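Spelled out, the chains give:
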Amino acid sequence: MNFLYPIGFLALLGVPVLILIYIIKNKYTEQVIPSTYLWTLSEKFLKKRLPINKLVGIISLILQILAVILIAFAVAHPVIVVPDSAYDYCLILDGSASMNLVKDGKTRLDSAKEELLDIISDAPSGSVYSLIFAGNAAEVYENISDKDQARKLIRNYSAGYTEGNISEALGGAQDLFQKNNSLRTYFATDKDYRESHHVTVINVSGGEQNYAVSNVSYTVAEGTLTVEGEVVSYASDAVLTLELYLDDLAQAFDSQTVQVQKLERKSFSFICDNTEFRVLKVAIAEEDSLLLDNEAIVYNVSYENAYQTLLVSDAPFFIEAALHSANNSETELMSVDEFKQNFGESGETALGYSLYIFDSYAPAQLPSDGAIWLFNPPEGIDGAAGFVVQDEVKAEKGAKLDYAPSGSGSELKMLLKGMSLDDVFVSAYKQCGLYRRFTTVLTCDGMPVVFTGSNNYGNREVVFAFDLHSSNFSVLADYMTLARNLLNFMFPTVIENVSCYAGDTLTINLLANCASASIVSPVTKKTAYLDAGSAVCETVLSEVGTYTLTLRMKDGSERTYNVFSALPEEERDPASTAQSFSLLGTAGNEKRDGTFDHLWILVIVLALLMAADWVVYCYEQYQLR
């Protein structure tokens, strides 16, 4: 016999204390009574002749001593070793998204937990448990000897929203089996495995019904919005109601009824004339056992990446045409006089726009909160521009501009992408001296005429050192192409794919002048901070729902973007099957020494001793009446 807490035997010090109390206590109480009562009481005792009266006090003392001894043993926690009576267990729990399926108010994961908890409860004392949770990644806990600790770990598990990492869990179980081939392995899952060697597979699937909508996309053409997708019923034929939501995700914009055969992917489409939307949703009205795949949300990429532009020009036609080709710029037009009236000759440092375009005019102080385009820049622009206007050069017969060599840099290659490099002629241009690094696109006699870079505020800046009206550039296809390339360079599509699957890696193109970036998950609402030190960063989408990305710019402004993460299609079938979950090797049959430590037996005996002592005490009080 072993004792887990030998210090508990200090409770035996209570035995001499009890004996001392018994010796020194006064067993008699003085009372004034009539002599007739004393005589009557003595006759009563003489007639009964009960010898037990002499033992009542000593019996109570013995019972109390035994109770103290038993309490000391209980605190010391005696453990009796029982050879070859316990086992080593490996309990594997599937944490994939399909374990969220609900039946009778209980998820599959709850049923799987109950199965594993029953195995622990029924296991002989002294058994050891290794736990593997196959979630986004396999979590392995080895050699847990405390049943309560093993139960607590299992109860704390929750199903994820991606395909469980079953292969990694199998690898972990294989490693444990190689260390101990007598391991009893149980795998609680909702997949039907065709092969399972040295593993007891507990299938908790129960024929639940599930509907799903997937592959939702949209197109906008000729003032018409077309939304297409697919719907499937996994367990039986069904008649489903599909609802389309536009912007207002609480009120259906349109609906239709679709008849679906079991396991058949049925195509559907909605056609409407509402082309100005921010977000659309297609949802199945009928409820099933898994609500995670009953809707699909798609965000308008152009709207998500839209930016506000302030155009200051007295002849804006050609510039507006270039902005219109970008399709995601909301432009506000002001004449030069209107700008001066609103903001003064010197301008203001922050006006709340993403892009400022000044045509043949510029305030002395350029705005600091957005990108800058300058056409035919005047002299006297604040030094934050990074260049200085030196002089104006006129060419009566026209001067031909030269394209910079395309191999001179990756940025230039991107800016010249898709251009045919047609000849450009100007009748006049401004000579500019650069005192910061710029990427030059067009030159004249070696002088930069079209160039781009950053100003002192860290914002992108583009300079066309000539008037569009004094050149043929505005009527060339290359003008529109270069304008789109410049806009894409200055305002990259932050999130190109706004509809993903849980488990996908999302690529984020960071804007220039971005100070920090964070993304909030849809279910747990956890905030993850991303690396904003480069132009591109990545993050893994591990939940189902809409993620919110926030970019914080150096000027203190914020820009938000949304991306919907859907349930993986391989996790939607409630009756899915898998090939094999088997352990390689030859199983052994060795056992480990078990234990017998049922303290409840000592508790019962202690309760009986306390009850007996109470009976003796009551009898003693009765005799003293």
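Before reading further, recall that the structure is shown in the block above.
Residues numbered from 1 in each chain as written. Predicted model: local features only at pLDDT ≥ 70, side-chain atom pairs only at ≥ 80, totals over all residues. Heavy atoms only, no water.

### Observations regarding the overall build of the chain
Move 1: Across its full length, the chain carries 12 helices and 35 strands.
Move 2: Taking the intrachain contacts of the chain between residues at least 6 apart in sequence as the baseline, contacts between residues at least 24 apart amount to 67%.
Move 3: Surface exposure of the chain reaches about 31,600 Å², of which carbon and sulfur atoms provide 52%. (Helix = DSSP H or I, 4+ residues; strand = E, 2+ residues; numbered from the N terminus. Contact = heavy atoms within 4.5 Å. Areas by Shrake-Rupley, 256 points an atom, 1.4 Å probe, with all protein chains shown as cover.)

### Some remarks on the nonpolar core
Move 1: Core analysis: the biggest nonpolar cluster contains 64 residues, and Leu355, Trp373 and Phe466 have the highest contact counts within it.
Move 2: With 7 residues, the top contributor of residues to this core is helix α11 (residues 477–490). (Core = buried A, V, L, I, M, F, W, Y, C linked by side-chain atoms within 4.5 Å. Buried < 20%, exposed > 50% of the residue type's maximum accessible area, 1.4 Å probe, protein only.)

### Remarks on the pattern of salt bridges
Move 1: Under the counting rule described, the total for this entry stands at 14 salt bridges.
Move 2: Of the charged contacts, one joins Glu571 and Lys191 as a salt bridge, the two residues approaching to 3.9 Å between their closest N and O atoms. Taken together, the residues Glu571 in the loop between β33 (558–566) and β34 (577–580) and Lys191 in the loop between β8 (184–189) and β9 (192–195) connect sequence positions 380 residues apart.
Move 3: Judged by relative accessible area, which is 10%, Lys191 ranks as buried.
Move 4: Here the residues in one salt-bridge network are Asp94, Arg108, Asp190, Lys191, Glu208 and Glu571, joined through shared partners. (Salt bridge = Lys/Arg side-chain N within 4 Å of Asp/Glu carboxyl O.)

### Details of the sheet that holds strand β24 (residues 438–444)
Move 1: The 9 strands are arranged β19-β18-β20-β21-β26-β25-β24-β22-β23 in an open sheet whose pairing can be described as mixed. At either end of the open sheet lies a strand with only one pairing partner, and these are β19 (329–334) and β23 (424–434). Here the average twist between neighbouring strands, direction ignored, is 20°.
Move 2: Two elements, strand β25 (residues 447–454) and strand β26 (residues 460–464), share 5 bridges in a ladder whose sense is antiparallel. Directly across from Ser454, in β26, lies its bridge partner Arg460.
Move 3: Contacts from helix α9 (residues 336–343) reach β18 (307–312), β19 and β20 (355–359) within the one sheet, and its direction differs from that of β19 by about 90°.
Move 4: Lying on the sheet, α11 is in contact with β18, β20, β21 (371–375), β22 (387–403), β24, β25 and β26; it crosses β26 at an angle near 160°. (Pairing = 2+ DSSP bridges. Axes fitted to C-alpha atoms, helices over the stretch in contact; angles between N-to-C directions.)

### Concerning the packing of helix α4 (residues 108–122) against helix α5 (residues 147–156)
Move 1: Viewed as axis vectors pointing N to C, α4 and α5 meet at an angle of 175°, and their least axial separation amounts to 10 Å. The angle between the axes of α4 and α5 places the two elements in the roughly antiparallel class. For the pair formed by α4 and α5, the contact residues are Lys113, Leu116, Leu117, Ile120 and Ser121 on the first element and Lys147, Ala150, Arg151, Ile154 and Arg155 on the second.
Move 2: Its residues placed into classes, the contact of α4 with α5 shows 5 nonpolar, 1 polar and 4 charged. (Parallel < 35°, antiparallel > 145°, perpendicular 65-115°, else oblique. Nonpolar A, V, L, I, M, F, W, Y, C, P; charged D, E, K, R; others polar.)

### Brief notes about the environment of Ile508
Move 1: By the element assignment, Ile508 lies in strand β28 (residues 505–509).
Move 2: Taking the C-alpha atoms as reference points, Ile508 and Leu530, 22 residues apart in sequence, are found 9.7 Å from one another.
Move 3: If near-sequence neighbours (up to four positions away) are discounted, Ile508 is found in contact with Val494, Leu530, Ala535, Val536, Cys537, Thr539 and Leu549.

### Regarding the sheet that holds strand β13 (residues 238–246)
Move 1: Strand order in the open sheet formed by 4 strands is β14-β13-β16-β17, with antiparallel pairing between adjacent strands. Two strands bound the open sheet, and with one partner strand each, they are β14 (254–260) and β17 (295–299). Direction aside, neighbouring strands of the sheet carry axes that sit 15° apart on average.
Move 2: Direction of pairing for β13 relative to β14: antiparallel, over a ladder of 7 bridges. Opposite Leu242, over in β14, you have Gln256 as the bridge partner.

### What about helix α6 (residues 166–179)?
Each α-helix turn comprises 3.6 residues. Residues three or four places apart therefore point the same way.
Move 1: Helix length check: α6, at 14 residues, gives a terminal C-alpha distance of 20 Å against a target of 20 Å (1.5 Å per residue), a fit within 8%.
Move 2: Within α6, the full set of buried residues consists of Ile166, Ala169, Gly172, Ala173, Gln174, Leu176 and Phe177.
Move 3: Packed against the buried residues of α6 are β3 (88–94), β6 (128–134), β7 (138–144), β8 and β9. (Expected span 1.5 Å × (residues − 1).)

### Observations regarding unusual backbone geometry
Move 1: Positive phi is not limited to glycine here, since Asn215 has a value of about 55°.
Move 2: Checked against the element boundaries, Asn215 lands in strand β11 (residues 211–221).
Move 3: The backbone phi angle of Glu222 is positive, close to 55°, even though this residue is not glycine.
Move 4: With respect to the element layout, Glu222 can be found in the loop between β11 and β12 (224–233).

### Concerning a nonpolar patch on the surface
Move 1: Residues Tyr5, Ile7, Leu10 and Leu13 make up a contiguous nonpolar surface patch of roughly 480 Å² in combined accessible area.
Move 2: Along the chain, Leu13 turns up in the loop between β1 (2–3) and α1 (14–24). (Patch = residues over 30% accessible without salt bridge, like charges linked within 9 Å, V, L, I, M, F, W, Y side chains within 5 Å.)

### Here's the deal with the packing of aromatic side chains
Move 1: Across all of its chains, the model carries 24 aromatic pairs by this definition.
Move 2: Judged by centre distance (5.7 Å) and plane angle (80°), the ring pair of Phe387 and Phe451 falls under edge-to-face. Taken together, the positions of Phe387 in strand β22 and Phe451 in strand β25 put the pair 64 residues apart, joining distant regions of the chain. Phe451 matches Phe387 in its accessibility class, with the two residues each being buried.
Move 3: Here the aromatic rings of Phe438 and Phe451 are separated by 5.2 Å at their centres, their planes lie at 80°, and the arrangement is edge-to-face. Here Phe438 is found in strand β24, whereas its partner Phe451 is found in strand β25, with 13 residues between them in sequence. We note that Phe438, like Phe451, is buried.
Move 4: Three or more aromatic residues link up through ring pairs in this structure, and these residues are Trp373, Phe375, Phe464, Phe466, Phe473 and Tyr479.
Move 5: Just above the ring of Tyr87 sits the side chain of Arg184; from NZ or CZ to the centre is 3.6 Å.
Move 6: We note Lys281 situated over the ring of Tyr245; from NZ or CZ to the ring centre the distance is 4.5 Å. (Phe/Tyr/Trp six-rings, centres within 6.5 Å; stacked < 30°, edge-to-face > 60°. Lys NZ or Arg CZ within 6 Å of the ring centre and 35° of its normal.)

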